Amino acid sequence: NAMRAVEFVARSFPTENEVTLYHVLQDSAVLGGMHSPDLTEYFVAAKESFRQLEEQWKKLVEEAMERAKTVLAVAGFPDANIRTRIEIRRRGIARDILAESEKGYQMIVIGRRGLSAIAEFFTGSVSQKVMNAARNIAVVIVN
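How each quantity is defined
Residues numbered from 1 in each chain as written. Predicted model: local features only at pLDDT ≥ 70, side-chain atom pairs only at ≥ 80, totals over all residues. Heavy atoms only, no water. Buried < 20%, exposed > 50% of the residue type's maximum accessible area, 1.4 Å probe, protein only. Helix = DSSP H or I, 4+ residues; strand = E, 2+ residues; numbered from the N terminus. Arc of directions from axis to C-beta. Contact = heavy atoms within 4.5 Å. Core = buried A, V, L, I, M, F, W, Y, C linked by side-chain atoms within 4.5 Å. Salt bridge = Lys/Arg side-chain N within 4 Å of Asp/Glu carboxyl O. Axes fitted to C-alpha atoms, helices over the stretch in contact; angles between N-to-C directions. Parallel < 35°, antiparallel > 145°, perpendicular 65-115°, else oblique. Left-handed = near helix turned anticlockwise from the far one by under 90°. Nonpolar A, V, L, I, M, F, W, Y, C, P; charged D, E, K, R; others polar. pLDDT = per-residue confidence, 0-100. Patch = residues over 30% accessible without salt bridge, like charges linked within 9 Å, V, L, I, M, F, W, Y side chains within 5 Å. Areas by Shrake-Rupley, 256 points an atom, 1.4 Å probe, with all protein chains shown as cover. Lys, Arg positive; Asp, Glu negative; His and termini not counted. Charge placed at Lys NZ, Arg CZ, Asp CG, Glu CD. Phe/Tyr/Trp six-rings, centres within 6.5 Å; stacked < 30°, edge-to-face > 60°.

## Some points on helix α1 (residues 2-12)
So, step 1. All of the buried residues along α1 are Ala5, Val6, Val9 and Ala10. Looking down the long axis of α1, one finds its buried residues gathered within 140 degrees of arc, a one-sided arrangement.
So, step 2. Contacts from the buried residues of α1 go to β1 (19-25), α4 (47-74), β3 (107-111) and β4 (138-142).

Written out as structure tokens, the structure is:
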């Protein structure tokens, strides 16, 4: 989904634009509820496994970022105009994207995962949340 957004940018925008490839990583402590007072013995025993999974996920994201940079470079974007940012989730993925956008970006281009209508109704998609909450910035959702 994110790669479709990168490909859209590569074919739709002038190459003199600056592009930031931004990803919000889930924190394994959040995923495993490790800060919960009701922490089970299983999560205490599996803490190292969660840390290893988090490291492996970060490595996969870094590799995807490199592929995305290559797509932009092949399209003619100079390396100096392509930045990558990977951050651990702080407030929520959509809220973290919006907080990042307040640092002077002109536009958010985001891929849409394509949740079913029922799933989107109950949980909402990140792209939908970004679009609904964005103020003073254009949002492009790529299907």
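## Let's talk about the nonpolar core
So, step 1. Ranked by size, the top nonpolar core spans twelve residues in total: Val6, Val9, Ala10, Val19, Leu21, Leu25, Val61, Met65, Ala68, Leu72, Phe77 and Ile82.
So, step 2. For this core, the elements supplying multiple residues, two or more each, are α1, β1 and α4.
So, step 3. The element contributing the most residues to this core is α4, with four residues.
So, step 4. Every residue in contact with Val9, bar those within four places of it in the chain, is listed here: Val19, Leu72, Phe77 and Val109.
So, step 5. Within the second largest apolar cluster, nine residues are counted, among which are Val24, Ile97, Ile108 and Val130.

## A closer look at the pattern of salt bridges
Any two side chains of opposite charge can pair if their charged atoms end up close together.
So, step 1. Inspection of every chain in the model, using the stated rule, returns six salt bridges.
So, step 2. Residues Arg83 and Glu18 are paired through a salt bridge, measuring 3.2 Å at the closest nitrogen-oxygen approach. Of this pair, Arg83 sits in strand β2 (residues 82-88) while Glu18 sits in the loop between α1 and β1, and the two are 65 residues apart along the sequence.
So, step 3. The exposure class of Glu18 is exposed, given its relative accessible area of 55%.
So, step 4. Each of Arg85, Glu87, Arg90, Glu100 and Lys103 takes part in a single network of salt bridges with overlapping partners.

## A look at the packing of α1 against α4
A pair of packed helices is characterised by two quantities: the angle between their axes and the separation of those axes.
So, step 1. Two elements in contact, α1 and α4, have axes separated by 9 Å at closest approach and are oriented at 20 degrees. Here α1 lies roughly parallel to α4, going by the angle between them. Relative to α4, α1 is oriented so that their crossing is right-handed. Contacts from Met3, Val6, Glu7, Val9 and Ala10 of α1 reach α4 at Ala64, Arg67, Ala68, Val71 and Leu72.
So, step 2. Considering only residue class, the contact of α1 with α4 consists of eight nonpolar, no polar and two charged.

## Quick notes on the side chain of Asn81
So, step 1. Locating Asn81 in the fold gives a position in the loop between α4 and β2.
So, step 2. Beyond its immediate stretch of four places on either side in the chain, Asn81 contacts Thr15, Glu16, Asn17, Glu18 and Val19.

## Structural notes on the confidence of the model for the chain
So, step 1. Per-residue pLDDT for the chain has a mean of 85; in total, 80% of the residues score no lower than 70.
So, step 2. When mean pLDDT is taken per element in the chain, α1 scores highest with 96 and helix α6 (residues 117-123) scores lowest with 54.

## Looking at a negative patch on the surface
So, step 1. Judged by side-chain charge, Glu55, Glu62, Glu63 and Glu66 come together as a negatively charged surface patch.
So, step 2. Position of Glu66 among the secondary structure elements: in helix α4.

## Focus: the packing of aromatic side chains
Given two aromatic rings, their pairing is described by the distance between the two centres and the angle made by the two planes.
So, step 1. Taken as a whole and assessed by the stated rule, the structure comprises one aromatic pair.
So, step 2. Ring geometry for Phe8 against Phe13: centres 5.9 Å apart, planes inclined by 80 degrees, an arrangement best described as edge-to-face.
So, step 3. You can call Phe8 partly exposed: its relative accessible area is 22%.

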